[in-house]
Amino acid sequence: MARIRTTVDGLVYEDDVEPRMLLVQYLRERLGKTGTVIGCDTSNCGACTVHLDGLSVKSCSVLAVQANGSEVLTVEGLERDGQLHPVQQAFHDNHALQCGYCTPGMIMQSIDLLGDNPDPTEREVREGIEGNLCRCTGYQNIVRAVQDAAQKMKPGAHAAPQAPQSVAGGGA
Amino acid sequence: MTTMDRPVQEIGRDRRRKEDRRLITGRTRWTDNQAITGLLHISIVRSPFAHADIKGIDTSAAKQVPGVVGVYTAADLGADAVQLPCAWPITKDMKAPQRPALAGGRVNFAGEGVAVVVARSAAIAKDAAELIEVDYAELDPVLDMEEALKEGATLVHPELGTNENAQWVFDSGEAGSGGSAAEAIAKAEKADDQVVVRRRFRQQRLVPVFMEPRSTVVDPTGEQLVMWSSTQIPHILKTMLALTLGLPENKVRVIAPDVGGGFGGKIAVAPEEVVTLLVARKLGKPVKWTETRSESLLTAHHGRDQIQDLTVSVTRDGKITGLDVKLIADMGAYLGLVGPGVPILGAFMFNAIYKIPAYRFDCTNVFTTKTLTDAYRGAGRPEATFGIERMMDEVALELGIEPMELRKRNWISHEEFPFTTVSTLTYDTGNYEAATDQAMAMFDYAGLRREQDERRKRGDVKQLGIGISTFTEMCGLAPSRVLGSLDYGAGGWETASIRMLPTGKAEVVVGVSPHGQGHETAFSQIVADKLGIPFDDVEILHGDTQSSYRGLDTYGSRSLAVGGIAMVKAAEKVIEKAKPIAAHMLEASEDDLEFTAGKFGVKGTDKGVGIADVALAVFAAHDYPEGIEPDIDAHATFDPENFSFPHGTHLCAVEVDTETGFVQLHRYVCVDDVGTVINPLIVEGQVHGGLAQGIAQALYEEAPYDESGTLLSGTLVDYTLPSAADLISFDTANTSTPSTTNPLGVKGVGEAGTIASTPAVVNAVLDAVRQYGVADIDMPTTPFRVWTAINSAKGTAGRGDEANVASPGAGLGSNVKDSSVKNQGGAL
């Protein structure tokens, strides 16, 4: 067992974990953060994507012990005072989800993408989320949603809530 | 008295989904999220061999692992004596093997479960499962469908005496719905003014790949045993568990909580569901099973997998005179819940939108030592649509007629509806001309043909190909009497109940069970309109047999076309029951009342009461007419009189890189007629997703086996789902000829994109490369296959043995050697 201390969605946790425990297992099984899901066992699907110190990672390919001392943000930590993150809102507005299983990972990856590239073209969005698989939507409305969110998140754009550094920062 | 203020009609409105808020914030209830105190976890030990006798299982080391609660073989649980159900015996003499929950004496596909470990945690269960030693004596696998049907073939199930499951035949000559296809073709062979075109097509094996891996939790501690499962069919599952295991049905409750996709892949009574239940009952403790993605790819049912031999006779001016379809369909090692019937659904769809005077369909289902096949999005109809739409292009080429023109010469014109087809279905409505005209205009068909011609003349590395698919499908499964005539084990009705709450809100309990379709939104729109109450006042309850006790669940694009109508009928009953009470409240005669926009009004006056007022009145029940009960709740079951027949025209342009064989989608246009649209946003989303899956069959996906019967696509590294970067934005639109066989005029939309798109893409790929002498390329048309086809046709292929490369997409196992690339240079 190894002792780890992490901040997850703004709360500090200390736990003893098996060294082999994956971050996604720690989030789901130990912290009850079931908003983050597991879709495969080969790091292909991206359903488990979270932010680790402001960068998107597939939490199935990070050990819980690697998150020691780090800040983790999951889809459950995006809302601010009951207000959705602009990317969450854009997914709703653009019907960018059907079954919703890929959605948490897709949203986290999209936020990271917009951090790197605040005004991506369609092709740039498609390439930016290619590590996240969706079986329902054919991606078209996801691409729309990401581009819509980009417009809403532009400096000075109306109704963009103040997001914390790790949310808006992406690769910053 | 309440004033109802809802001027907006909900039906047809692009409502954002009610379901989204939870899903975008991670507040979800996937089965694997279930955490019950004392919950135990299981891991299933699976056979690495396709076909083997089990000589012994040593569980002693696994039992010693701390935290392990139990280790069981099939016999320990009685799992080998279970007969998992097949609800569709397609013929009276169909051969059906016993399908156990765990294999006892012999395994029949790689991945079949042989033992189970129960432990405090999933990790401990998995660790212990690694310690179980199984002694297998390998048997020859059975992999090739045609070989399996030959005399002396190795038998998957020796006790059946054959690898043939059943043969199912429809002949329009015998049925009286048309002439004899054999006679029509024989006559054409001899006629100067006719040609006969014969082709063989391969429908490769696919995997549905719902994003949420399957999971089941069973809690046996209450009076009713509770199963949560990631299933499309909680009602059918409940009844089947009772019948299969001899449980009293009243002691079982099944819950489908949030379900992350299905696409047919979660229409099952899965062996793992039964094993979880058996273990939970044995231990008296709640137990969870959640599969890994590899387990899912290996053991959840696959789809498609047919060899199609098609013969068309046609006059030289392009009128089809006969169609003969001979199929061999791979069932895999066992029969799934509806597996044997899946290819048979195609029997009604090969004739598609065309007026074909003579038709024969002959399908032989065969057992192999592979994962079983069952419903996958479209189920039988994509296979049929692919066959006929590929064939239309082949016939067009043979005759030198433009492919869309050939289709026009044969399709049912809009004046001819309702039209009874050669396969005995009556299409109520449709307008193929309207959908085609709109699609051709959106696509700029003529402009793309010009560009194609220019690129050919220039000898561009990237050649353009254009493909057409004009399709229809039968959906809204199904009229119960039709299912009865096909020997299906259940009906096709659907049920809804409306509970009017004292505050005027409505709870609508439905028998269909969503897994991404947006039922809660679309159904709320329907009920809001029918009862005249606000959209947000309607709650759709589903997926729990304790509240929704009657239903036949979700598949076959039936939830709206059948389930939606049950809601309409229930709403009508609510209004009917409310009417005498409203009359009593208004001191008026029932005959003087009219119900509009949620209000009973007295004709010719401004007097009225809202449906909410009536709901409160029957709750208080202080004053209501004598002789009636104080209750306006209603329950309705709708059994459709007919299927619904969406149709559409799909046009695809691809760029083929002739140096690498890489196919890039260039443009995709589809115009679908799905009748009345309840929510255009949801319809568009269903089409997008359907297209992605159909295009993936054409270009990317395949579940091949090697020569020992091992699945070669057991991870998402190897089973290549398209990513966002692989696809393009589609141009979609709708025309509408409302269905006349249901009061909403709706058809279905869940499967349309998948059914239509595959042949459009393959026709486009071939259209780009036929100029080099390529006659056909098996799916998926990977760069390897396209490159090989071009270079083989040109005589410039390298070593000549490329098709034997044992990698996904190379066609090993699922194809006869070297057949994945077929070249008949000069034939066209």
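Residues numbered from 1 in each chain as written. Chains lettered and ligands numbered in written order. Predicted model: local features only at pLDDT ≥ 70, side-chain atom pairs only at ≥ 80, totals over all residues.

Participant: Outline helix α5 (residues 140-153) of chain A, listing residues and values.
Facilitator: Taking 1.5 Å per residue as the helical rise, α5(A) with its 14 residues ought to reach 20 Å, and the 20 Å between its terminal C-alpha atoms agrees with that figure. Counting buried residues in α5(A) gives ten out of 14 residues, a clear majority hidden from the surface. Among the residues of α5(A), A:Gln140, A:Asn141, A:Ile142, A:Val143, A:Arg144, A:Ala145, A:Val146, A:Ala149, A:Ala150 and A:Met153 are the ones counted as buried. Residues of α5(A) that are buried make contact with α2 (86-93), α3 (103-116) and α4 (122-128) of chain A together with α20 (680-699) of chain B. (Helix = DSSP H or I, 4+ residues; strand = E, 2+ residues; numbered from the N terminus. Expected span 1.5 Å × (residues − 1). Buried ≥ 20, exposed ≤ 12 C-beta atoms within 10 Å, placed from the backbone. Contact = placed C-beta atoms within 7 Å.)

Participant: Could you give an account of the interface of chain A and chain B, with specific residues and numbers?
Facilitator: At the interface, 45 residues of chain A touch 39 residues of chain B. Looking at the side of chain A that touches chain B, the elements that each hand over two or more residues are α2, α3, α4 and α5 of chain A. Considering only residue class, the side of chain A that touches chain B consists of 19 nonpolar, 17 polar and nine charged. (Nonpolar A, V, L, I, M, F, W, Y, C, P; charged D, E, K, R; others polar.)

Participant: So what about the environment of B:Gly661? Which residues, and what values?
Facilitator: All names here are of chain B. You can see glycine 661 is positioned in the loop between β26 (647-657) and β27 (663-673). Given 21 C-beta atoms within 10 Å, glycine 661 falls into the buried group. Distance from glycine 661 to threonine 781, taken between C-alpha atoms, is 8.8 Å for residues 120 residues apart in sequence. Those residues within four positions of glycine 661 in sequence are excluded, and the remaining contacts are Pro783, Phe784, Val786, Trp787 and Ile790.

Participant: Any details on the domain arrangement of chain A? Residues and values, ideally.
Facilitator: Residues and elements named next belong to chain A. Each domain of chain A was delimited in the assignment, giving domain 1 (2-75) and domain 2 (86-159). Taking only C-alpha atoms into account, the centre of domain 1 sits 22 Å from that of domain 2. Contact residues are listed per partner, giving 15 residues for domain 1 and eleven residues for domain 2. Put simply, the parts of the chain that give the side of domain 1 that touches domain 2 at least two residues each are β3 (49-52) and β4 (55-58). (Domains from an automatic or database assignment.)

Participant: I'd like to hear about the environment of B:Ser423, residue by residue, with values.
Facilitator: Residue and element names in this part refer to chain B. Relative to the helices and strands, serine 423 resides in the loop between β16 (419-420) and β17 (426-427). According to the C-beta neighbour criterion, serine 423 is buried, with 23 such atoms within 10 Å. When the C-alpha positions of serine 423 and glycine 222 are compared, they lie 50 Å apart, and in sequence the two are 201 residues distant. Setting aside residues no more than four positions away along its own chain, serine 423 makes contact with Phe170, Ser177, Ala347, Phe348, Asn351 and Tyr359.

Participant: Before we move on, could you go through the nonpolar core and cite the residues and values that matter?
Facilitator: Residues and elements named next belong to chain B. Counting residues in hydrophobic clusters, the biggest one holds 315 residues, and the most contacted among them are Val116, Val117, Val508, Val527, Met567 and Val765. A total of 16 residues in this core trace back to one element, the largest contributor, which is helix α18 (residues 559-586). Residues within four places of valine 527 in sequence aside, it is in contact with Ile498, Ala506, Val508, Val538, Met567 and Ala571. (Core = buried A, V, L, I, M, F, W, Y, C linked by C-beta atoms within 7 Å.)

Participant: Give a detailed account of the domain arrangement of chain B, specifying residues and quantitative values.
Facilitator: Residue and element names in this part refer to chain B. Here the domain parsing of chain B yields domain 1 (20-27 + 493-638), domain 2 (34-139 + 211-261 + 266-299) and domain 3 (375-471 + 643-823). A C-alpha centroid distance of 38 Å is found between domain 2 and domain 3. The interface of domain 2 with domain 3 comprises eight residues on the first partner and ten residues on the second. Each residue belonging to the side of domain 2 that touches domain 3 can be placed in one class, and the counts come to five nonpolar, two polar and one charged.

Participant: Could you give an account of the UniProt feature "domain: Aldehyde oxidase/xanthine dehydrogenase a/b hammerhead" (unreviewed entry) in chain B, naming the residues involved and the relevant values?
Facilitator: UniProt annotation of "domain: Aldehyde oxidase/xanthine dehydrogenase a/b hammerhead" (unreviewed entry) refers to residues 25-140 of chain B when read in the numbering used here. In the segment residues 25-140 of chain B, helix accounts for 15% and strand for 30%; the C-alpha atoms at its two ends are 51 Å apart. (UniProt positions renumbered as here; feature names shortened; annotations may be inferred.)

Participant: Lay out the packing of helix α17 (residues 519-531) of chain B against α18(B) in plain terms, naming residues and giving numbers.
Facilitator: All names here are of chain B. Look at α17 against α18: their axes get within 10 Å of each other, and the N-to-C directions meet at 30°. With respect to each other, α17 and α18 are oriented roughly parallel. The handedness of the crossing between α17 and α18 comes out as right-handed. The residues of α18 that touch α17, namely those facing His519, Ala522, Phe523, Ile526, Val527, Lys530 and Leu531, are Ser559, Leu560, Gly564, Met567, Val568, Ala571 and Val574. Among the residues making up the contact of α17 with α18, the classes are represented as ten nonpolar, three polar and one charged. (Axes fitted to C-alpha atoms, helices over the stretch in contact; angles between N-to-C directions. Parallel < 35°, antiparallel > 145°, perpendicular 65-115°, else oblique. Left-handed = near helix turned anticlockwise from the far one by under 90°.)

Participant: So, the UniProt feature "domain: [2Fe-2S]-binding" (unreviewed entry) in chain A: which residues are in play, and what are the values?
Facilitator: Within this structure's numbering, the places UniProt gives as "domain: [2Fe-2S]-binding" (unreviewed entry) are residues 74-147 of chain A. Here residues 74-147 of chain A is 50% helix and 0% strand, with 21 Å between the C-alpha atoms at its ends.

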